[in-house]
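What follows is the residue order along each chain.
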Amino acid sequence: MASGGDLTLTILGFLDERPMHGYELKARLNALSGHLRPVSDGALYPAIARLEAKGLVERHEEQGTAAARRLVLTLTDKGRQELLRRLREPTDIEISDQTRFFALLTFLSALPDAAERARVLRRRLDFLETPASFFYDGERPVRAEDETDPYRRGMLLVARATGAAEREWLRNELGAEKR
C-alpha cells in the first residue's frame, strides 16, 4: 500500500462499500495488506486530502459513540466514477504486481459489467502465462530444477505453485463469467 496509486484504489474501494472514519479506513487498509505494506498516518491522511481536493471524497462530521464528534469520509459520485475507471483500466503494474492485483481484485465486483471484469482477469492470466523467472541465465529464465541454490530453488517452487493455483482460478472464473 506504500504507493499513491494502489492506496487511492483501496481508499475509493472501501468507501464505495460504505462511509467510514479515517481510523476505521486505516484498519481496513492494514487488514487487507498491512502485513506486507503497513499504511502510516503520514501516507493515509495526505492521500485522503488529495482525494478530497479532487472532489472524489467528502468529509463531514457525525456524532461519535461518545461525546466526541468524528469526521466521516464519503465517496462522491465523481469518486465512484474514478473507482470504476481504475477497475476497468488497471495499469500494467496493477496487473503484474501480486499485492496490487489483489487490491484490484478486492473491489472488482464493483464493476457491473461481466465482460469488463473478464477483461481484467484475462490480462492477469496473460501476464501469468508469459514465461518469467526471478533469475535468468542470459536471456533464458532459470527453472527450479536447474537452480542449485536451495533458497532460490525454494522461491521458484513456491512461485510456480502459487502461479499454477492462480492460473487455475482465473481460468475457472473466466469460464464462469462466460456462462
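Refer to the structure presented above.
Everything in this summary refers to the structure shown in the same document. (Residues numbered from 1 in each chain as written. Predicted model: local features only at pLDDT ≥ 70, side-chain atom pairs only at ≥ 80, totals over all residues. Heavy atoms only, no water.)

**Details of the overall build of the protein**
Next, step 1: Scanning the protein for helices and strands turns up eight helices and five strands.
Next, step 2: Projected onto the principal axes, the alpha-carbon positions of the protein cover approximately 65 × 40 × 25 Å.
Next, step 3: Looking at the protein residue by residue over its 179 residues, the buried ones come to 39%.
Next, step 4: At a minimum sequence separation of 6, the contacts of the protein that also span at least 24 residues come to 52%. (Helix = DSSP H or I, 4+ residues; strand = E, 2+ residues; numbered from the N terminus. Buried < 20%, exposed > 50% of the residue type's maximum accessible area, 1.4 Å probe, protein only. Contact = heavy atoms within 4.5 Å.)

**With respect to the packing of helix 2 (residues 22-33) against helix 3 (residues 41-53)**
Next, step 1: Where helix 2 contacts helix 3, the axes come no closer than 11 Å and their chain directions differ by 120°. In terms of axis orientation, helix 2 runs oblique to helix 3. Handedness of the helix 2/helix 3 crossing: right-handed. For the pair formed by helix 2 and helix 3, the contact residues are Gly-22, Tyr-23, Leu-25, Lys-26 and Leu-29 on the first element and Asp-41, Leu-44, Tyr-45 and Ile-48 on the second.
Next, step 2: In terms of residue class, the contact of helix 2 with helix 3 is built from six nonpolar, one polar and two charged. (Axes fitted to C-alpha atoms, helices over the stretch in contact; angles between N-to-C directions. Parallel < 35°, antiparallel > 145°, perpendicular 65-115°, else oblique. Left-handed = near helix turned anticlockwise from the far one by under 90°. Nonpolar A, V, L, I, M, F, W, Y, C, P; charged D, E, K, R; others polar.)

**A closer look at the pattern of salt bridges**
Next, step 1: By the definition in use, this model includes 18 salt bridges.
Next, step 2: Ionic pairing is found between Glu-166 and Arg-124, a salt bridge with its closest N-O pair at 2.7 Å. Pair noted here: Glu-166 is in helix 8 (residues 150-178) and Arg-124 is in helix 7 (residues 114-128), with a separation of 42 residues, a long-range link.
Next, step 3: Using a relative accessible area of 2% as the deciding quantity, one classes Arg-124 as buried.
Next, step 4: Of the charged contacts, one joins Asp-146 and Arg-140 as a salt bridge, the two residues approaching to 3.7 Å between their closest N and O atoms.
Next, step 5: By relative accessible area, Arg-140 is classed as partly exposed at 41%.
Next, step 6: Here the salt bridges share partners, and the residues they tie into one network are Asp-137, Arg-140, Arg-143, Glu-145, Asp-146 and Arg-160. (Salt bridge = Lys/Arg side-chain N within 4 Å of Asp/Glu carboxyl O.)

**Re the side chain of Glu-116**
Next, step 1: You can see Glu-116 is positioned in helix 7.
Next, step 2: Among the residues examined, Glu-116 registers a relative accessible area of 14% and is labelled buried.
Next, step 3: Excluding residues within four positions of it along the chain, Glu-116 makes contact with Arg-88 and Leu-111.

**A few points about the environment of Arg-153**
Next, step 1: Note that Arg-153 resides in helix 8.
Next, step 2: Residue classification places Arg-153 among the partly exposed residues on the basis of a relative accessible area of 29%.
Next, step 3: Sequence separation between Arg-153 and Arg-50 is 103 residues, and the spatial gap between their C-alpha atoms is 43 Å.
Next, step 4: Non-local contacts of Arg-153, meaning those with residues more than four positions away in its chain, are made with Ala-144, Glu-147 and Thr-148.

**Points about the nonpolar core**
Next, step 1: In terms of nonpolar packing, the biggest core is built from 35 residues, with Ile-11, Leu-25, Leu-29 and Leu-87 touching the most fellow members.
Next, step 2: Counting only elements with at least two residues in this core, the list comes to helix 1 (4-17), helix 2, helix 3, strand 3 (69-75), helix 4 (77-88), helix 6 (98-107), helix 7 and helix 8.
Next, step 3: Top contributing element to this core by residue count: helix 1, with six residues.
Next, step 4: Look past the residues within four positions of Leu-87 in its chain and what remains in contact with it is Leu-9, Leu-104, Phe-107, Leu-108, Ala-110, Leu-111 and Val-120. (Core = buried A, V, L, I, M, F, W, Y, C linked by side-chain atoms within 4.5 Å.)

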